[in-house]
Amino acid sequence: MKALVLGASGATGKLVMQQLIKKNIQVRIVVRDSAIIPTQVSDNKAIEIIRGNINDFELVKIKELIKDCDTIICCLGHNLSFKGILGPPHKLVFNIVVKIIDTIESQNLNPKFILMSTTAYTNRKLGEINTVGEKIVFSLLKFALPPHKDNMLAADYLVYKIGSQTKIEWVAVRPDSLFDEESKSNYEIYNKKIRSPIFDSGKTSRINVSDFMVELVTNEKLWDEWKHKTPVIYNKFNNEKGSVQ
Ligand SMILES: NC(=O)c1ccc[n+]([C@@H]2O[C@H](COP(=O)([O-])OP(=O)(O)OC[C@H]3O[C@@H](n4cnc5c(N)ncnc54)[C@H](OP(=O)(O)O)[C@@H]3O)[C@@H](O)[C@H]2O)c1
């Protein structure tokens, strides 16, 4: 089995890569020329490293990247710096989602495609609605923060343009507020958001996001359950509203 991981130099992408390796899955990663690769990664025969900026890759290069992959996991996101948030490319995630889906369609490929999305995405097709307060905040974010708009466009593309009546198999995983923890802990998966990402946000550890994504890769029953959906993932804490044990 082989998986392509995009954003593997990032905080979640690197955990996804590590967990795939632990499951004996070959991994191909694309990292920018500036990325410093630890020797455990560069020396690991199970990891193929492609240097370059995924945002600049033409369709022909995308085809080379994905043609022998069973899974593609996209953990790309805009860097949390002034340049990363406000500078180009404003549609980093959306553009790569479109290119990957186009290539899967045109080449008649059949990989699983997993997008790291966010609870800031409201899946109206599922009947999720924003409160007036959320609508105001999300409108401001869409206007002021290009990365937010990018994430919304990318998920909308899968939900509305690709949908479920298709051979293309995708899942958009929606973590709430991300944080880091050493090891995997209990978490819960919901079809819809159970709390406001703006006014009552929950927490999701990156390691749990990566665990769920890798489970989707290896567990066919889980994949069938969540295929064409936008599952929401929250860490499960004791005595906390919405994610009680
Ligand atoms: N923060 C939250 O609470 C939260 C909650 C839910 C969802 N999310 C979403 O989750 C995603 C991943 O989060 P994370 O914390 O794991 O991200 P991260 O650590 O910032 O990783 C982002 C990845 O994207 C790459 N990247 C950034 N800008 C790029 C560009 N212009 N061209 C090519 N590659 C680029 C980075 O590469 P380099 O290493 O080369 O920079 C890195 O590999 C993001 O989309 C974020 O919006 C965040």
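Above this note sits the structure.
Calculation rules
Residues numbered from 1 in each chain as written. Predicted model: local features only at pLDDT ≥ 70, side-chain atom pairs only at ≥ 80, totals over all residues. Helix = DSSP H or I, 4+ residues; strand = E, 2+ residues; numbered from the N terminus. Rg over C-alpha atoms; globule rule 2.2 N^0.38 Å. Buried ≥ 20, exposed ≤ 12 C-beta atoms within 10 Å, placed from the backbone. Pairing = 2+ DSSP bridges. Axes fitted to C-alpha atoms, helices over the stretch in contact; angles between N-to-C directions. Contact = placed C-beta atoms within 7 Å. Core = buried A, V, L, I, M, F, W, Y, C linked by C-beta atoms within 7 Å. Arc of directions from axis to C-beta. Near = placed C-beta within 6 Å. Nonpolar A, V, L, I, M, F, W, Y, C, P; charged D, E, K, R; others polar. Parallel < 35°, antiparallel > 145°, perpendicular 65-115°, else oblique. Left-handed = near helix turned anticlockwise from the far one by under 90°.

Description of the overall build of the protein chain
Then, in step 1: Within the protein chain one finds nine helices and ten strands.
Then, in step 2: Radius of gyration (C-alpha) of the protein chain: 17 Å, near the 18 Å computed for a compact globule of 245 residues.
Then, in step 3: Referenced to the eigenvectors of the C-alpha coordinate spread, the extents of the protein chain come out at roughly 45 × 40 × 35 Å.
Then, in step 4: The 245 residues of the protein chain split such that 38% are buried.

Some remarks on the sheet that holds strand 1 (residues 2-6)
Then, in step 1: The eight strands are arranged 3-2-1-4-5-6-10-8 in an open sheet whose pairing can be described as mixed. Looking at the sheet topology across the chains shown, the edges are occupied by strand 3 (47-51) and strand 8 (187-190). Within the sheet, the average angular offset between the axes of one strand and its neighbour, ignoring direction, is 20 degrees.
Then, in step 2: Two strands pair when backbone bridges link them, and strand 1 and strand 2 (residues 26-31) are joined in this way by five bridges, in the parallel orientation. Within the sheet, the bridge partner assigned to lysine 2 lies in strand 2 and is glutamine 26.
Then, in step 3: Packing against the sheet, helix 5 (residues 92-106) makes contact with strand 1, strand 4 (71-74) and strand 5 (112-116), and its axis sits at approximately 170 degrees to strand 4.

Here's the deal with the nonpolar core
Then, in step 1: Counting 58 residues, the largest nonpolar core has Val5, Cys74, Leu115 and Met213 as its most contacted members.
Then, in step 2: Looking at which element gives the most residues to this core, the answer is helix 8 (residues 206-218), with seven residues.
Then, in step 3: Residues within four places of cysteine 74 in sequence aside, it is in contact with Leu6, Gly7, Val93, Ile96, Val97, Leu115 and Met116.

Side note on helix 3 (residues 59-66)
Then, in step 1: Those residues of helix 3 that sit buried are Ile62, Leu65 and Ile66. Here the buried residues of helix 3 occupy an arc of 80 degrees about the axis, which is enough to place them on one side. Helix 3 presents Val60 and Glu64 as exposed residues on the side facing more than 90 degrees away from its buried surface.
Then, in step 2: Residues of helix 3 that are buried sit in contact with strand 1, strand 2, strand 3, strand 4 and helix 5.

So, the site of the ligand
Then, in step 1: Taken together, 27 residues are adjacent to the ligand, and Ser9, Gly10, Thr12, Gly77 and Thr118 come closest.
Then, in step 2: For the shell around the ligand, the secondary-structure elements that each account for two or more residues are helix 1 (11-22), helix 7 (146-162) and strand 7 (177-179).
Then, in step 3: In terms of residue count, the dominant contributor to the shell around the ligand is helix 1 (three residues).
Then, in step 4: Looking at the shell around the ligand residue by residue, the class counts come to eleven nonpolar, 14 polar and two charged.

Description of the packing of helix 1 against helix 8
A packed helix pair is summarised by two numbers, namely the angle formed by the two axes and the spacing between the axes.
Then, in step 1: The N-to-C vectors of helix 1 and helix 8 enclose an angle of 45 degrees; their axes lie 9 Å apart at closest approach. When the interaxial angle is binned, helix 1 and helix 8 end up oblique. The handedness of the crossing between helix 1 and helix 8 comes out as right-handed. Taking contact as the criterion, the partners of Ala11, Thr12, Leu15, Val16, Gln19 and Leu20 in helix 1 are, on helix 8, Arg206, Ile207, Val209, Ser210, Asp211, Met213 and Val214.
Then, in step 2: Looking at the contact of helix 1 with helix 8, its residues break down into eight nonpolar, three polar and two charged.

Focus on the pairing of strand 10 (residues 232-235)
Then, in step 1: Residues Val232 and Tyr234 of strand 10 are buried on one face, and the alternating residues Ile233 and Asn235, pointing to the opposite face, are buried as well.
Then, in step 2: Pairing of strand 6 (residues 169-175) with strand 10 involves two bridges; the strand directions are parallel. From the neighbouring strand, arginine 174 faces strand 10, where its bridge partner is valine 232.
Then, in step 3: By the bridge criterion, four bridges tie strand 8 to strand 10 in an arrangement that is antiparallel. Its bridge partner lying in strand 10, tyrosine 187 is registered against asparagine 235.

Overview of unusual backbone geometry
Then, in step 1: In this chain, proline 88 is followed by proline 89 through a cis amide linkage whose omega measures 0 degrees.
Then, in step 2: As for its position among the elements, proline 89 is in the loop between helix 4 (82-86) and helix 5.
Then, in step 3: Look at asparagine 24: it is not a glycine, yet its phi comes out positive at around 65 degrees.
Then, in step 4: Here asparagine 24 is to be found in the loop between helix 1 and strand 2.
Then, in step 5: Residue class for asparagine 24 comes out exposed when judged on the 9 C-beta atoms lying within 10 Å of it.

In short, shape yes, function no, at least from these values alone.
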